[in-house]
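Architecture and fold: a report
In case you want the letters, here they are:
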Amino acid sequence: MSDKSKIINIDSLSYGGWGVGRADSKVVFVAYAVPGDTLTIEIIDEHKNYDFAVINKIIKPSKERMEPVCEYFGICGGCDYLDISYDTEIYWKTEIFKKEFKKTFGSNSSTTDVDIKFNPAKENLNYRQKIGLKIHNKDIGFYKKYSHDVVNIEQCRLAKAGLNELLKKAGGILLSEKYYRPITKNISLLTFSEAGLKNIILRVKNNFKLPEQFIKDIFTGTKCDNIFMEYPDKKIIKYAAGSADKNNNKKFLTIKDKKFLYDLPSFIQINKEQNENIINAITGYIETITEGGEKKFSNALDLYCGFGNITLFLTSYADKITGVESNDFAIELGKKNAVLNNISNIKFVKSDVSKFLDKIEKDKKFDLIILDPPRSGIKGLTGNITDLNPLYIIYVSCDTMTFLRDLRQFAEAGYEIEKIHLFDMFPRTYHLEQIAFLRKNRRA
Ligand SMILES: C[S@@+](CC[C@H](N)C(=O)[O-])C[C@H]1O[C@@H](n2cnc3c(N)ncnc32)[C@H](O)[C@@H]1O
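Figured I'd write up the structure that's included with this text. (Residues numbered from 1 in each chain as written. Predicted model: local features only at pLDDT ≥ 70, side-chain atom pairs only at ≥ 80, totals over all residues.)

This brings us to the nonpolar core. Ranked by size, the top nonpolar core spans 65 residues in total, and within it Tyr262, Leu303, Ile369, Ile393, Ile394, Tyr395 and Leu438 carry the most contacts. When near neighbours in sequence (up to four residues on either side) are disregarded, Tyr262 contacts Ala195, Gly196, Leu197, Leu253, Ile268, Phe307 and Leu333. (Core = buried A, V, L, I, M, F, W, Y, C linked by C-beta atoms within 7 Å. Buried ≥ 20, exposed ≤ 12 C-beta atoms within 10 Å, placed from the backbone. Contact = placed C-beta atoms within 7 Å.)

This is how it looks when you write it as structure tokens:
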């Protein structure tokens, strides 16, 4: 055994999907390790108080271990938990969140009694309605775990069948004799969605112009509805299939009882079932505050609103609603989606949220603020939000660490955490969607 090779027992899982144990009394985070495993490990990254490691050999496997359903598991970085049952995954995801929550708020604060509810997914495979795959030489797939090497995959077990079909067909064209090298070497990312329409985005390197014939071949070979080319300067060019305008009218994305137009360059929650559960949780909470919409909010604000996924469901609970979003595609879709659903009390504003909050008039008040930022959260903006003096804040997030960081600031500013819902939006990975329902503390 080299001096970097050690024997370890794994006790728990941590955020990021690592198995955790101690070797020579130092904490070690081990990739793809399961609580209950005894392993020999190789340290790959040393720090003062902890190390990262990979498994060399499983000496004694945990009773929780099971055969992964995917041949790429352990190589491809797309999944973290295909080697344990879904029940075990739910147990650990809840434990990890509660532990991080306690670390953030301490054990003596008024937050110890906060109701934290875990909402498992009905489907833990084939649930993704969008996937983004890297391309390098002839490999199309996700990055290898903790590396930037692309692992070639023929299918993804988390993706819906239609996306795997798109991968097979579009991948075949990209790797064909006609297009491999001259075209494929100029594309770095291939994204598919099947949410209403079948959409493909090709992220193009430099300013390479994809030939018309190639676009035609992708349309013919995949039967997709739209192709988008995304350039390094973020410029996006859209191509619609010949009959797409006619088809588009029939291929709405439905979310609960509403219909939406959706284009791939705008954000979409990847798990349709859990997205609808989240909307139900939000409207269910608002129902109780507004007595079923009898006592409407005057002014509601939906920050980072995307194409109106949550915004449109607020329509009957507020006199006026403002949705703020920086993506051009999303904001245009939001406006169209409001019209499509005969909604007239929503104003969509295209703006960076921090600029919007900076410019807002000092006396402007919102009684309900919903926010659903990207992974980075709202660092530096919690003060701007509490300055608007909302009675209620609903914070939706896909990153536990930034969520807890921001939540603590809201709590320090006098907001009481009424409850937290955890939604398993991303089964078989360590990721989690979380929502906090906050109310301005009556004593603050
Ligand atoms: C997690 S998504 C949520 C979208 C929407 N609420 C939904 O449920 O579909 C975050 C959204 O914030 C937008 N966004 C990211 N940074 C932003 C910023 N600085 N200002 C405004 N919008 C931003 C993204 O384009 C994306 O649509």
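Moving on, we get to the pairing of strand E7 (residues 130-136). For E7 and strand E10 (residues 187-195), the ladder comprises five bridges, and the chain directions are antiparallel. Across the sheet, Ile131 pairs through a bridge with Phe192, a residue of E10. Count of turn residues in the E7/strand E8 (residues 139-143) antiparallel hairpin: two residues, of which Asn137 carries a positive phi of about 50°. (Pairing = 2+ DSSP bridges. Helix = DSSP H or I, 4+ residues; strand = E, 2+ residues; numbered from the N terminus.)

A word on the packing of helix H2 (residues 161-174) against helix H3 (residues 212-222). Packed helices, taken two at a time, are described by the angle their axes make and the gap between the axes. Two elements in contact, H2 and H3, have axes whose closest approach is 9 Å; the angle formed by their N-to-C orientations is 145°. Crossing of H2 over H3 shows right-handed handedness. Between H2 and H3, the residues in contact are Leu166, Lys169, Ala170 and Ile173 and Asp217, Ile218, Gly221 and Thr222, respectively. Of the residues that constitute the contact of H2 with H3, the class distribution is four nonpolar, two polar and two charged. (Axes fitted to C-alpha atoms, helices over the stretch in contact; angles between N-to-C directions. Left-handed = near helix turned anticlockwise from the far one by under 90°. Nonpolar A, V, L, I, M, F, W, Y, C, P; charged D, E, K, R; others polar.)

Here we have eight strands laid out as an open sheet, ordered E6-E21-E22-E20-E19-E16-E17-E18, and mixed in their pairing. Looking at which strands have only one partner, the edges of the open sheet turn out to be strand E6 (115-119) and strand E18 (346-350). For this sheet, the mean inter-axis angle between neighbouring strands, taken without regard to orientation, is 15°. As paired strands, strand E17 (residues 318-325) and E18 are joined by five bridges and run parallel to one another. Across the sheet, the residue bridging to Thr322 is Lys347, located in E18.

A few words on the site of the ligand. Neighbouring the ligand are 16 residues, the closest being Phe267, Tyr304, Gly306, Asn309 and Ser326. For the shell around the ligand, the residue count by class is eight nonpolar, five polar and three charged. (Near = placed C-beta within 6 Å.)

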